[in-house]
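# Chain and residue survey
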There are 4 protein chains.
Amino acid sequence: MSQLARDLYPLAGRKEELSKSIVEIDRVKIGAGKPVIMAGPCAVEDREQIFTTARTVKESGGEILRGGVFKPRTSPYSFQGLGKEGLELLAEVKEETGLLIVTEVMDVRDIDLVAEYADILQIGSRNMQHYPLLREVGKVDMPVLLKRGMTATIKEWLLAAEYILRNGNQQVILCERGIRGFQEYTRNILDISAVPVVRQLSHLPIIIDPSHATGHSELVTPLAKAGVIAGADGVMVEVHPNPEQALCDGEQSLDLPTFQKLVRNLKLLPSNSEQEI
Amino acid sequence: MSQLARDLYPLAGRKEELSKSIVEIDRVKIGAGKPVIMAGPCAVEDREQIFTTARTVKESGGEILRGGVFKPRTSPYSFQGLGKEGLELLAEVKEETGLLIVTEVMDVRDIDLVAEYADILQIGSRNMQHYPLLREVGKVDMPVLLKRGMTATIKEWLLAAEYILRNGNQQVILCERGIRGFQEYTRNILDISAVPVVRQLSHLPIIIDPSHATGHSELVTPLAKAGVIAGADGVMVEVHPNPEQALCDGEQSLDLPTFQKLVRNLKLLPSNSEQEI
Amino acid sequence: MSQLARDLYPLAGRKEELSKSIVEIDRVKIGAGKPVIMAGPCAVEDREQIFTTARTVKESGGEILRGGVFKPRTSPYSFQGLGKEGLELLAEVKEETGLLIVTEVMDVRDIDLVAEYADILQIGSRNMQHYPLLREVGKVDMPVLLKRGMTATIKEWLLAAEYILRNGNQQVILCERGIRGFQEYTRNILDISAVPVVRQLSHLPIIIDPSHATGHSELVTPLAKAGVIAGADGVMVEVHPNPEQALCDGEQSLDLPTFQKLVRNLKLLPSNSEQEI
Amino acid sequence: MSQLARDLYPLAGRKEELSKSIVEIDRVKIGAGKPVIMAGPCAVEDREQIFTTARTVKESGGEILRGGVFKPRTSPYSFQGLGKEGLELLAEVKEETGLLIVTEVMDVRDIDLVAEYADILQIGSRNMQHYPLLREVGKVDMPVLLKRGMTATIKEWLLAAEYILRNGNQQVILCERGIRGFQEYTRNILDISAVPVVRQLSHLPIIIDPSHATGHSELVTPLAKAGVIAGADGVMVEVHPNPEQALCDGEQSLDLPTFQKLVRNLKLLPSNSEQEI
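Treat the numbers as computed from the prediction; the structure is a model and nothing was measured.

## Structural notes on the overall build of chain A
Counting its secondary structure elements, chain A contains 10 helices and 10 strands. The C-alpha atoms of chain A give a radius of gyration of 17 Å, which matches the 19 Å a tight globule of 277 residues would have. The principal-axis extent of the C-alpha atoms belonging to chain A is close to 50 × 45 × 40 Å. Within chain A, counting contacts between residues at least 6 apart in sequence, those at least 24 apart form 69% of the total. Of the roughly 9,100 Å² of accessible surface on chain A, a fraction of 46% belongs to carbon and sulfur atoms.

Structure below.
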């Protein structure tokens, strides 16, 4: 696979020497061996919700808080996020907990605003081929988390990363979040094979998001473990203090005790160095 | 189907009385019974190419010229379109031929520029869920051609239309252009069933694009006819004076004589009023 | 396309001279230009149902009666068909009306029995790659209607036909019946592009089944017309005297007056000789 | 999920008390906690190939030998398997090594023959909805390995199991082997989420086959580990002494040293009892 990769993806493609890129933010290293945990609610809803969640994420050993403030919703009549007010809440949470912040940007005109508050800019599935946005975040000096489009091939995904990289920004983290397929019991199908495939083709770190992929909280833990053992550099999961009252994605959100159990389970997995690769 | 539709799609959904919306631009009416033909190259490449094509489109009875100047390409290393220079060429062509112009806009910051030259703003497949763009074209007083996302459900598509409609712009034309599936001989699968389904659910006009859907020029004519007989309000096809030299999508472009034959074939079809519905 | 086809499909592939195979049964010719209509209920249920339906099919100009007696049902707890008793009813109907009979066989041990009563052996979607069955019907001197598997590629489908052809039976009719995809308003997606693709690749006649494909009676007529205008050699549709009481597939069955209207609509279409190909 | 399951799948559905079925063959228990390893070539080719492979499987700790003798091939011109001669080779191998044998049956008329030699009857993907075959293996007193159809939903798969169970045979093992989707780097997409979903819905044991799913030997080990950590009761992998000379599926076959490494890696995984479920 890798020979072809260098031609198709001059920047995202893996080089001869198999070096792996590490995205480093303060003391957090993504791609350095230890799986990184990004957790938090689908959307920032209010002060209490985000502070409660963040404290649990912090105590459990999570290092990065996720939380949407600009929400791309299928219907214009669904909750669209708190916008700037949400960013300010995230800033307060960061101040208190020290957690890093990842949050989505979907409008080229919002990049400066979001970059002021976030530590990682998230590009959501629906925007994976929103090329003006990819070009602009390519000019920012901040890590970008690029989610795979709901039905993007791996080739299209790496070429989307290439749009960011060739504009100068080398800090790209890929995120597999499930693809559309023949499922009736899950929301999408988590394509865990994307993890070893990307490792063959590219030097970029890759994490998985089993919450969006499955849509059911009871499936999140087994699939988070599966992704990490297959080589993922981290997981992104949805956590909410009261899943049944969440303004979006409640069904797939872990409550706080279940999230703590997930973290303990991930720690039981043999590290890459213990395994024969 | 239609009862549910009114709840889900307050603006795009069909009303009790089955009225159909007509999008009218100068003397061209889309949705009024007679199928409208939009034709032209994938991308505007140079003066000769666009003028030669436009004259044939005009002579053959086409009323709207398509031609991309901002091209959303999977790879950043592919030809990205002529940009403003292409818009100026389109303006000259319109001046000479009187054809209306449809061309894609993919950056919210380009809407004013494109709207200055175009008669219809095209939202491409990759941008069907680019919500900031949908909101902004919803504020413009100009028809919008909304292509179905490559793997969007009809529900997601109609909800994307709803984003435009609720921002004020009622002139939305839907365009089915093929979905991703299990094909090896075609580029995508043209979902012709979307035509009667949309007619059941919505009052918006719908056209089909068999060029992108199939990726092969020899399949374009039979599928254009199929779409129209199934109820489509028009077709959008790619035409190029020298398909084998096209900068993009040459394989699926009709040469000029084949395009003329397509138009003659469409005229042979019984009109809706001759058929028993 | 066709060069490659001759290598991949030595028997099903189209020859240089573009000759088209005609499957002839008594006075009915499938593949000879005039679209053939096969109609009838999903399943033979009782004497009255099958006789009432058959008389309408006959009067409306249909030539072939469809009706399942061995039903491949997803659940073992659903109605499985009348078996031999159903075949005997079909024989009586044939005696009275002169309609030809097409019915499914799904067990190699039933081929002789079904062949005694049927004029065309149907291989259903679920059995498209049931190779022992394909081999055995390849040894029978009777036309075989081979439905495309629900998610089969066209290549897999033509290779399945090849299994029949190379065992001696050259009377194969292909039937496109919809593939699985991203739909919520239809049962499957009718891949009408399969019609012109098969015409490019193969000399075998091809018909379409818009009833199974769509699952909704109001979508059957527009898609039947679309398939025929795209080049299909016939249509297979489900018809039932009381669709809402049908033991299977009621939602997609046409009632008798709607079926008669469908037939009249198909007759309004320009014939292949009137069109420029 | 499980409430609904009991209604839809009266036999395959999980009961209140969460009991898990164990399929026991001699001393091998499938579903009892320790993952079972089934390994061997795609097809039995000759004495040397199958003996060499079997000895390595045995030495490495595998307990069940896989090897096809009746091969369902997409093209009738591909190698179709050794048939009875292959079964006799498998019997000799079993005699020498003590390995249990799993091999595919695809013709109802071959069940007695295959059952004479095999310990587990395999129903392949293409035959998941071959109902006469399911009914007949439901009457045999021998475990059945039921592969998921290439595009079957989990519901269709469990209902296929239900066909076997209601005919009397309660020894059904499910096998996830990849589904068709949007991939260009893998042959199919291994749906690892099927493992925890099936655990929620059913008491039947489930294993995974990462060889067919991925089509690339370098992806087999990470996905085998992922499946087991997600809860699979075993893995089925293709192993060949000279993958590049295999008569089928060489690209996805592990060579013997890589297979041995896979087994060692699986042993490093924490057992279910070490994990918090």
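## A look at helix H6 (residues 154–165) of chain C
Residues and elements named next belong to chain C. Across its 12 residues, H6 extends 16 Å between first and last C-alpha, which sits within 8% of the 16 Å expected from 1.5 Å per residue. Across the 12 residues of H6, 11 count as buried, placing the element largely inside the fold. Taken together, the buried positions of H6 are occupied by Ile-154, Glu-156, Trp-157, Leu-158, Leu-159, Ala-160, Ala-161, Glu-162, Tyr-163, Ile-164 and Leu-165.

## Quick word on the relation of the copies chain A and chain D
Each of the two chain copies can be brought onto the other by rotation about an axis and movement along it. Overlaying chain A with chain D gives an RMSD of 0.0 Å, the required rotation being 180° about an axis along which the chain moves by 0.0 Å. The superposition operator between the copies reduces to a two-fold rotation axis. Within chain A, the C-alpha atom positioned nearest to the axis of rotation is that of Ala226(A), 2.0 Å from it. By residue overlap, the copies meet face to face through one surface: 100% of the interface positions of chain A are interface positions in chain D.

## Examining the state of the cysteines
Residues and elements named next belong to chain B. Tallied over the entire structure, the rule returns four disulfides over all chains. The disulfide partner of Cys-42 is Cys-248, and the S-S distance across this bridge is 2.4 Å. Disulfide Cys-42-Cys-248: torsion about the S-S bond near -105°, hence left-handed. Note that Cys-42 is positioned in the loop between strand S3 (36–40) and helix H2 (47–60) and Cys-248 in the loop between strand S10 (234–238) and helix H10 (256–268), a separation of 206 residues in sequence.

## Describing the UniProt feature "domain: DAHP synthetase I/KDSA" (unreviewed entry) in chain A
When the UniProt feature table is mapped to this numbering, "domain: DAHP synthetase I/KDSA" (unreviewed entry) covers residues 24–264 of chain A. Taken as a whole, residues 24–264 of chain A contains 37% helix and 16% strand, while its terminal C-alpha atoms sit 24 Å from one another.

## A look at the interface of chain B and chain A
Listed by partner, the interface residues are 31 residues for chain B and 31 residues for chain A. Its largest share of buried area at the contact with chain A, chain B owes to Thr74(B), Pro76(B) and Tyr77(B), together 20% of the area lost on that side. Seen at the junction of chain B and chain A, the total is four salt bridges. Between Arg180(B) and Glu156(A) there is a salt bridge; the shortest N-O distance is 2.4 Å. Counting across the interface, chain B meets chain A through 26 residue pairs in polar contact (both at pLDDT 80 or more). Residue assignment for the side of chain B that touches chain A shows that the elements contributing at least two residues are helix H5 (131–137) and helix H6 (154–165) of chain B. Among the residues making up the side of chain B that touches chain A, the classes are represented as 13 nonpolar, eight polar and 10 charged.

## Describing the packing of aromatic side chains
All names here are of chain A. Scanning the entire structure with this criterion turns up four aromatic pairs over all chains. Ring geometry for Tyr-131 and Tyr-163: centres 4.3 Å apart, planes at 20°, overall stacked. Of this pair, Tyr-131 sits in helix H5 (residues 131–137) while Tyr-163 sits in helix H6 (residues 154–165), and the two are 32 residues apart along the sequence. Pair check on accessibility: Tyr-131 and Tyr-163 agree, each one buried.

## Some points on the relation of the copies chain B and chain A
The two copies are related by a screw motion: chain B maps onto chain A through a turn of 180° and a shift of 0.0 Å along the axis, at an RMSD of 0.0 Å. When you check the interface residues of chain B against chain A, 100% turn up at the interface there too, and the contact is symmetric in its surfaces.

## So, the confidence of the model for chain A
With 95% of its residues at a pLDDT of 70 or more, chain A shows a mean pLDDT of 93. The ipTM assigned to the predicted complex is 0.94, against a pTM of 0.95.

## What about the pattern of salt bridges?
According to the stated counting rule, one finds 64 salt bridges over all chains in the structure shown. Here Asp119(C) ties to Lys94(C) by a salt bridge, and the two come within 2.7 Å at their closest N and O atoms. With Asp119(C) in the loop between helix H4 (111–117) and strand S6 (120–123) and Lys94(C) in helix H3 (residues 84–97), this residue pair connects regions lying 25 residues apart in the sequence. Residue Asp119(C) is classed as buried on the basis of its relative accessible area, which comes to 11%. Between Asp191(D) and Arg148(D) there is a salt bridge, and its shortest N-O distance comes to 2.9 Å. A residue pair is termed long-range when its members are at least 10 positions apart, and Asp191(D) in the loop between strand S8 (172–176) and helix H7 (194–201) and Arg148(D) in the loop between strand S7 (144–147) and helix H6 (154–165) qualify at 43 residues. Classification of Asp191(D) as buried rests on a relative accessible area of 2%. Since its relative accessible area comes to 1%, Arg148(D) is described here as buried. Among the charged side chains, a salt-bridge network with shared partners connects Asp107(A), Arg109(A), Glu136(B) and Lys139(B).

## Comments concerning the environment of Thr56(D)
All names here are of chain D. Within the fold, Thr-56 resides in helix H2 (residues 47–60). On the accessibility criterion, Thr-56 (8% relative accessible area) is buried. Aside from chain neighbours lying at most four places away, what touches Thr-56 is Leu-256, Phe-259 and Gln-260.

## As for unusual backbone geometry
Residues and elements named next belong to chain C. At Asp-26, a position not held by glycine, the phi torsion is positive, near 50°. On the secondary structure map, Asp-26 appears in the loop between strand S1 (23–25) and strand S2 (28–30). The phi dihedral of Asp-249 is positive, around 60°, even though this residue is not glycine. Take Asp-249: its relative accessible area is 18%, and that puts it in the buried class.

## Considering the packing of helix H9 (residues 217–229) of chain C against helix H10 (residues 256–268) of chain C
All names here are of chain C. Put simply, H9 and H10 touch, their axes get as near as 10 Å, and they point 30° apart. The angle between H9 and H10 places the two elements in the roughly parallel class. Between H9 and H10 the crossing geometry is right-handed. Of H10, the residues touching H9 (which contributes Thr-221, Ala-224, Lys-225 and Val-228) are Leu-262, Asn-265 and Leu-266. Looking at side-chain class alone, the contact of H9 with H10 contains four nonpolar, two polar and one charged residues.

## Topic: the pairing of S8(D)
Residues and elements named next belong to chain D. Counting buried positions over the five residues of S8 gives five, a clear majority of the element. Residues Val-172, Leu-174 and Glu-176 point to one face of S8 and Ile-173 and Cys-175 to the other, with burial holding for every one of them. Bridge count for S7 against S8 is four bridges, and the pairing is parallel. Counterpart to Leu-146 in the pairing with S8 is Leu-174. Where the polypeptide runs from S7 across H6 and back to S8, its parallel neighbour, the crossover connection is right-handed. Following the chain from S8 across H7 to the adjacent parallel strand S9 (residues 206–208), one finds a crossover that is right-handed.

## Digging into the pairing of strand S6 (residues 120–123) of chain B
In the case of a regular strand, side chains alternate between the two sheet surfaces. All names here are of chain B. Across the two faces of S6 the burial is the same, with Ile-120 and Gln-122 and Leu-121 and Ile-123 all buried. Judged from the three bridges that link them, strand S5 (residues 100–104) and S6 form a sheet pairing that is parallel. Its bridge partner being in S6, Glu-104 is matched across the sheet by Gln-122. Running through helix H4 (residues 111–117), the crossover from S5 to the neighbouring parallel element S6 is right-handed. In terms of strand pairing, S6 meets strand S7 (residues 144–147) through three bridges, oriented parallel. In the strand pairing of S7, Leu-121 is matched with Val-144. With H5 bridging S6 and the parallel S7, this β-α-β connection has right-handed handedness.

## Focus on the side chain of Gln129(A)
Take Gln129(A): it is sitting in the loop between strand S6 (120–123) and H5. Leave out the neighbours within four places in its chain, and Gln129(A) touches Glu156(A), Thr74(B) and Arg126(B).

## Some points on the interface of chain A and chain D
Each partner contributes to the interface: chain A provides 43 residues, whereas chain D provides 43 residues. Between chain A and chain D, roughly 3,700 Å² of surface is buried when both sides are summed, and carbon and sulfur atoms account for 64% of that area. Where chain A packs against chain D, one counts zero salt bridges. Put simply, chain A and chain D have six residue pairs in polar contact (both at pLDDT 80 or more) between them. Of all elements in the fold, only H6, helix H7 (194–201), helix H9 (217–229) and helix H10 (256–268) of chain A reach the threshold of two or more residues within the side of chain A that touches chain D.

Rules used in this analysis
- Residues numbered from 1 in each chain as written.
- Chains lettered and ligands numbered in written order.
- Predicted model: local features only at pLDDT ≥ 70, side-chain atom pairs only at ≥ 80, totals over all residues.
- Heavy atoms only, no water.
- Helix = DSSP H or I, 4+ residues; strand = E, 2+ residues; numbered from the N terminus.
- Rg over C-alpha atoms; globule rule 2.2 N^0.38 Å.
- Contact = heavy atoms within 4.5 Å.
- Areas by Shrake-Rupley, 256 points an atom, 1.4 Å probe, with all protein chains shown as cover.
- Expected span 1.5 Å × (residues − 1).
- Buried < 20%, exposed > 50% of the residue type's maximum accessible area, 1.4 Å probe, protein only.
- Least-squares fit on C-alpha atoms with pLDDT ≥ 70 in both.
- Disulfide = S-S within 2.5 Å.
- UniProt positions renumbered as here; feature names shortened; annotations may be inferred.
- Buried area = accessible area lost by both parts, 1.4 Å probe.
- Salt bridge = Lys/Arg side-chain N within 4 Å of Asp/Glu carboxyl O.
- Polar contact = N/O pair within 3.5 Å; in protein donor to acceptor, adjacent residues only side chain to side chain.
- Nonpolar A, V, L, I, M, F, W, Y, C, P; charged D, E, K, R; others polar.
- Phe/Tyr/Trp six-rings, centres within 6.5 Å; stacked < 30°, edge-to-face > 60°.
- pLDDT = per-residue confidence, 0-100.
- Axes fitted to C-alpha atoms, helices over the stretch in contact; angles between N-to-C directions.
- Parallel < 35°, antiparallel > 145°, perpendicular 65-115°, else oblique.
- Left-handed = near helix turned anticlockwise from the far one by under 90°.
- Pairing = 2+ DSSP bridges.
- Right-handed = clockwise from strand over helix to strand, strands pointing away.

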